[in-house]
Amino acid sequence: SIELSKTVYVGHDGGSSCAGSESVAGYNGSYVTFCFEVTNTGDTYLDDVQVIDNDLGLTLTHTGLLAPNDSVMLFAEVTVDGTIVNTASATGNPTNSDGDDLPDVDDPTDTDTAEVVETPWSAAIDLQKTVYLGHDNGANCPGSELLNGNSGVAITYCFVVTNTGDTYLNNI
């Protein structure tokens, strides 16, 4: 038998943030990564393990044997192009430990879904806080992350706020 766990997360990083979650929100054109964890839950080896996601137009293949109780993570980096709840399926060919086909054993299959909800905009903000010795109305900003000083010494905090999204922000 085989088990498929399909998840999704925002961003492209070569699949390093897999496992993801069941649902994410993103704006049109933003990057998302789908993760497909396939586990051999049977007692035979599996060869030619494939994940097919027709809605995304994907066929991903794990080459080599997948031993009983072992897992493999496959991923696909795509861009958001509308809200989608889609299903992927995983299948594998049962073999012995040498990779020889077991003709009397049916290929196992499993399915799972993940969802991307398209949002109209992506609001995001970045805050950088630094500090420096003295008071000069912020002339020496941005300052540094760490400051050593005695109690009672004048210091100035600097705050740099950056809109890293694609929409306007107010009341910051």
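Summarised in this report is the structure supplied together with it. All figures in this text were calculated on a predicted structure; none of them were measured in a lab.

## What to know about the sheet that holds strand 7 (residues 84–95)
An order of 2-8-7-4-5 is seen for the five strands of this open sheet, with the pairing classed as mixed. The open sheet has two edge strands, strand 2 (23–27) and strand 5 (58–62), and neither has a second partner. In this sheet, adjacent strand axes meet at a mean angle of 25 degrees when their direction is disregarded. Relative to strand 8 (residues 109–119), strand 2 runs parallel, the two being bridged by five bridges. Note that in strand 8 the partner of Ala25 across the bridge is Val117.

## What about the sheet that holds strand 1 (residues 2–10)?
Two strands in a sheet stick together by hydrogen bonds in their backbones, pointing the same way (parallel) or opposite ways (antiparallel). If you trace the three strands from one edge of the open sheet to the other, you get 1-3-6, paired in antiparallel fashion. Since the sheet does not close on itself, it has two edges, and those belong to strand 1 and strand 6 (71–79), each with one partner. Strand-to-strand, the axes of this sheet are offset by a mean angle of 20 degrees, without reference to chain direction. Pairing between strand 3 (residues 31–40) and strand 6: nine bridges, direction antiparallel. When the sheet's bridge partners are listed, Cys35 is paired in strand 6 with Phe75.

## Topic: the nonpolar core
Core analysis: the biggest nonpolar cluster contains 23 residues, and Val32, Phe34, Phe36, Val38 and Val51 have the highest contact counts within it. For this core, the elements supplying multiple residues, two or more each, are strand 1, strand 3, strand 4 (45–53), strand 5, strand 6, strand 7 and strand 8.

## Let's talk about the state of the cysteines
Applying the stated criterion to the full structure yields two disulfides. Cys18 shares a disulfide with Cys35; S-S distance 2.2 Å. Residues Cys18 and Cys35 are joined through a disulfide that is left-handed, its torsion about the S-S bond being -90 degrees. Here Cys18, found in the loop between strand 1 and strand 2, pairs with Cys35, found in strand 3; they are 17 residues apart in sequence, far enough to count as distant. In this structure Cys35 comes out as buried when scored by relative accessible area, which is 0%. Shown here is the disulfide that connects Cys141 with Cys158, its sulfur atoms set 2.1 Å apart. Disulfide Cys141-Cys158: the torsion about the S-S bond is -90 degrees, which places it as left-handed.

## Looking at the packing of aromatic side chains
As enumerated under the stated definition, the model contains zero aromatic pairs in all. The ring of Tyr157 has Lys129 sitting right over it, with the charged end atom 4.6 Å from the ring centre.

## Considerations on unusual backbone geometry
Across the junction of Cys141 and Pro142, the peptide omega takes the value 25 degrees, indicating a cis bond. Topologically, Pro142 is positioned in the loop between strand 9 (125–133) and strand 10 (155–163).

## Comments concerning a nonpolar patch on the surface
A cluster of nonpolar residues, Ile125, Leu127, Leu133, Val153, Ile155, Tyr157, Phe159, Val161, Leu169 and Ile172, forms a patch on the protein surface that exposes about 940 Å² of accessible area. Elements with a minimum of two residues in the nonpolar patch: strand 9 and strand 10. By residue number, the principal contributor to the nonpolar patch is strand 10, which donates four residues. Assignment of secondary structure puts Phe159 in strand 10.

## As for the side chain of Asn40
Checked against the element boundaries, Asn40 lands in strand 3. Asn40 sits in the buried class, given a relative accessible area of 0%. A polar side-chain atom of Asn40 sits 3.0 Å from the main-chain amide nitrogen of Gly42. The contacts of Asn40, once residues within four sequence positions are left out, are Ser1, Tyr45, Leu46, Leu66, Ala67, Pro68, Asn69 and Asp70.

Parameters and conventions
- Residues numbered from 1 in each chain as written.
- Predicted model: local features only at pLDDT ≥ 70, side-chain atom pairs only at ≥ 80, totals over all residues.
- Heavy atoms only, no water.
- Pairing = 2+ DSSP bridges.
- Helix = DSSP H or I, 4+ residues; strand = E, 2+ residues; numbered from the N terminus.
- Axes fitted to C-alpha atoms, helices over the stretch in contact; angles between N-to-C directions.
- Core = buried A, V, L, I, M, F, W, Y, C linked by side-chain atoms within 4.5 Å.
- Buried < 20%, exposed > 50% of the residue type's maximum accessible area, 1.4 Å probe, protein only.
- Disulfide = S-S within 2.5 Å.
- Phe/Tyr/Trp six-rings, centres within 6.5 Å; stacked < 30°, edge-to-face > 60°.
- Lys NZ or Arg CZ within 6 Å of the ring centre and 35° of its normal.
- Patch = residues over 30% accessible without salt bridge, like charges linked within 9 Å, V, L, I, M, F, W, Y side chains within 5 Å.
- Areas by Shrake-Rupley, 256 points an atom, 1.4 Å probe, with all protein chains shown as cover.
- Salt bridge = Lys/Arg side-chain N within 4 Å of Asp/Glu carboxyl O.
- Polar contact = N/O pair within 3.5 Å; in protein donor to acceptor, adjacent residues only side chain to side chain.
- Contact = heavy atoms within 4.5 Å.

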